[in-house]
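Chains, contacts and geometry: an overview
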Amino acid sequence: MRSFLQVLHESEVSTFSPWEELYKIVFDSRYLLLTSEERKQVFDKYVRERAEEERKEKKKRLQQKKNEFRQLMEEAKLHSKSSFSDFSSKHGRDERFKGIEKVRDREKFFNEYIVEVRKREKEEKERKKEQVKSDFIALLKEKSVGRHSRWAEIKKKVDLDPRYKAVESSTLREDYFREYCKLVKDERKKEKDGKEKERDRSSS
């Protein structure tokens, strides 16, 4: 059975070949090692196994082409506003582009990648916004802004600092200022309450 199976592999018999096509290998001495019924059993087993192998090979090749297509998109430095038509016109001659045969598959992979790009851009924007806010708060601390500070006065002291200019709008700067003043006020109250409790414990 192993010998007959080897004949099928060597002859690269297709998984789509009908049983009758085995006449191609009837002149191999190993063909006659089995009865007709046994040959049919081995052939059926070969077809099942080879079909599974081919399915895995096809999936592996597709994944490889998909990976190469993704590499092409990364090299193209795509952004959230990039369009598939622009990408196609610039990179349509690239072998990695042509590796994905169907246009709808190319567009599908492209759109999936753009969704990732948009997510990354959004996260990066949020991260930068948080950093700008953190830097602005640090600036207020440096200027010893207290709970009774007035924005009109503080603004004159900090308006030339790059950390002040980095905040995108005057409304947002004032919002951060008020938020910081409230934080200072809350901390002051917490500290005061703690001292009062400490005095109460000492007197008792």
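Residues numbered from 1 in each chain as written. Predicted model: local features only at pLDDT ≥ 70, side-chain atom pairs only at ≥ 80, totals over all residues. Heavy atoms only, no water.

1. Focus: the packing of helix H2 (residues 36–75) against helix H5 (residues 103–142)
For any two helices packed against each other, one specifies the inter-axial angle together with the distance between the axes. Between H2 and H5, the least distance of the axes is 11 Å, while the angle of their chain directions is 55°. Classified by the interaxial angle, the pair formed by H2 and H5 is oblique. Seen along the crossing, H2 lies across H5 with a hand that is right-handed. Residues Lys66, Phe69, Arg70, Met73 and Glu74 of H2 touch H5, and the partners they reach there are Arg106, Phe109, Phe110, Glu112, Tyr113 and Glu116. By residue class, the composition of the contact of H2 with H5 is 5 nonpolar, no polar and 6 charged. (Axes fitted to C-alpha atoms, helices over the stretch in contact; angles between N-to-C directions. Helix = DSSP H or I, 4+ residues; strand = E, 2+ residues; numbered from the N terminus. Parallel < 35°, antiparallel > 145°, perpendicular 65-115°, else oblique. Left-handed = near helix turned anticlockwise from the far one by under 90°. Contact = heavy atoms within 4.5 Å. Nonpolar A, V, L, I, M, F, W, Y, C, P; charged D, E, K, R; others polar.)

2. Observations regarding the packing of aromatic side chains
Per the counting criterion, the structure on display carries 11 aromatic pairs. Ring geometry for phenylalanine 136 and tyrosine 164: centres 6.4 Å apart, planes at 40°, overall tilted. Remark: tyrosine 164 occurs in helix H7 (residues 162–165) and phenylalanine 136 occurs in helix H5; sequence separation between them is 28 residues. Take phenylalanine 136 and tyrosine 164: they sit in the same class, and that class is buried. One aromatic cluster in this structure is built from Phe69, Phe84, Phe87, Phe97, Phe109 and Phe110. Sitting over the ring of tyrosine 164, arginine 173 keeps its end group 4.3 Å from the ring centre. (Phe/Tyr/Trp six-rings, centres within 6.5 Å; stacked < 30°, edge-to-face > 60°. Buried < 20%, exposed > 50% of the residue type's maximum accessible area, 1.4 Å probe, protein only. Lys NZ or Arg CZ within 6 Å of the ring centre and 35° of its normal.)

3. A look at the nonpolar core
Ranked by size, the top nonpolar core spans 16 residues in total, and within it Phe136, Leu140, Val145, Ile154 and Phe177 carry the most contacts. Secondary-structure elements contributing two or more residues to this core are H5, helix H6 (151–158) and helix H8 (170–203). Counting residues per element, this core draws most heavily on H8, which supplies 6 residues. Beyond its immediate chain neighbours, meaning those up to four positions away, phenylalanine 136 contacts Trp151, Arg163, Tyr164, Val167, Arg173, Tyr176 and Phe177. Counting 13 residues, the second largest nonpolar core, distinct from the first, contains Leu72, Phe109, Ile114 and Val117. (Core = buried A, V, L, I, M, F, W, Y, C linked by side-chain atoms within 4.5 Å.)

4. Observations regarding the pattern of salt bridges
For the structure shown, the criterion picks out 18 salt bridges. Put simply, lysine 45 and glutamate 49 hold a salt bridge, and the shortest N to O gap is 2.7 Å. With lysine 45 and glutamate 49 both in helix H2 and 4 residues apart, this pair spans about one turn of that helix. Note on lysine 45: relative accessible area 38%, which makes it partly exposed. Glutamate 95 serves as the salt-bridge partner of lysine 98, at 3.4 Å between the closest nitrogen and oxygen. Residue lysine 98 and its partner glutamate 95 are both found in helix H4 (residues 95–98); the two are separated by 3 residues, about one turn of the helix. Within this structure, Arg50, Glu53, Glu54 and Glu57 form a network of salt bridges that share partners. (Salt bridge = Lys/Arg side-chain N within 4 Å of Asp/Glu carboxyl O.)

5. A few points about a positive patch on the surface
A surface patch of positive charge is lined by Lys58, Arg61, Lys65, Lys102 and Arg104. Sort the elements by how many residues they give to the positive patch and H2 lands first, with 3 residues. Topologically, lysine 102 is positioned in the loop between H4 and H5. On the basis of relative accessible area, lysine 102 is assigned to the partly exposed category, the value being 44%. (Patch = residues over 30% accessible without salt bridge, like charges linked within 9 Å, V, L, I, M, F, W, Y side chains within 5 Å. Areas by Shrake-Rupley, 256 points an atom, 1.4 Å probe, with all protein chains shown as cover. Lys, Arg positive; Asp, Glu negative; His and termini not counted. Charge placed at Lys NZ, Arg CZ, Asp CG, Glu CD.)

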